[in-house]
Amino acid sequence: MKENYPPMTERIQSILIDSIIIVACMIIFSDILSGFQNVPDWLRAFLLISLFLYEPIATTFGGTIGNNLKGIRVRKDSDNTKKINIFQAIIRYFFKLLFGWFSFITIFSSSKKRAIHDILSGTVMIKI
């Protein structure tokens, strides 16, 4: 059975959807917090960290909102029927942020359309 891997355009659309959601959350959090005096630093830190952990946590438990809307999922490369664990998701996200758009250059030469961050974290994107 031939696997179905999403094209670069669908991956970019998924990232764009998730980016819009994150920016919207930043604006909402900022607006809400600006209405209060003396907001504790720990609360600001918690909200910021929660935005950074959105993708790894969502990826671990199924997929981000963008992934779900585009019908794509991140799975283990060794067995693409299995979800990735939180450690793999954090490693994947770290390298995705580190390499940025450059990470996607390997998609064109990979039979499974894996980006650098997928290769380094042992993951693969599939269409569902």
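Here the structure is shown first, and the text comes after it.
Now for a look at the structure at hand. Remember, it's a predicted structure, so these values are computed and weren't measured experimentally.

Okay, the environment of Arg-73 next. Counting through the fold element by element, Arg-73 comes out in strand β1 (residues 72-76). Linking Arg-73 and Lys-127, residues 54 residues apart in sequence, is a C-alpha distance of 6.4 Å. One polar contact links the side chain of Arg-73 to the main-chain carbonyl oxygen of Asn-67, over a distance of 3.4 Å.

Before going further, it helps to spend a moment on the packing of helix α1 (residues 8-34) against helix α2 (residues 41-60). Where α1 contacts α2, the axes come no closer than 10 Å and their chain directions differ by 170°. In terms of their interaxial angle, α1 and α2 are classed as roughly antiparallel. Two secondary-structure elements touch here, α1 through Asp-18, Ile-22, Cys-25, Met-26, Phe-29 and Leu-33 and α2 through Leu-43, Arg-44, Leu-47, Ser-50, Leu-51 and Tyr-54. Grouping the constituent residues of the contact of α1 with α2 by class yields nine nonpolar, one polar and two charged.

With that settled, consider the environment of Gly-62. Along the chain, Gly-62 turns up in the loop between α2 and α3 (65-70). The sequence separation of Gly-62 and Val-74 amounts to twelve residues, and the corresponding C-alpha distance is 8.0 Å. Setting aside its immediate chain neighbours within four residues, Gly-62 contacts Arg-73, Arg-75 and Lys-83.

Procedures and definitions
- Residues numbered from 1 in each chain as written.
- Predicted model: local features only at pLDDT ≥ 70, side-chain atom pairs only at ≥ 80, totals over all residues.
- Heavy atoms only, no water.
- Helix = DSSP H or I, 4+ residues; strand = E, 2+ residues; numbered from the N terminus.
- Polar contact = N/O pair within 3.5 Å; in protein donor to acceptor, adjacent residues only side chain to side chain.
- Axes fitted to C-alpha atoms, helices over the stretch in contact; angles between N-to-C directions.
- Parallel < 35°, antiparallel > 145°, perpendicular 65-115°, else oblique.
- Contact = heavy atoms within 4.5 Å.
- Nonpolar A, V, L, I, M, F, W, Y, C, P; charged D, E, K, R; others polar.

All we've got here are geometric facts, nothing functional implied.
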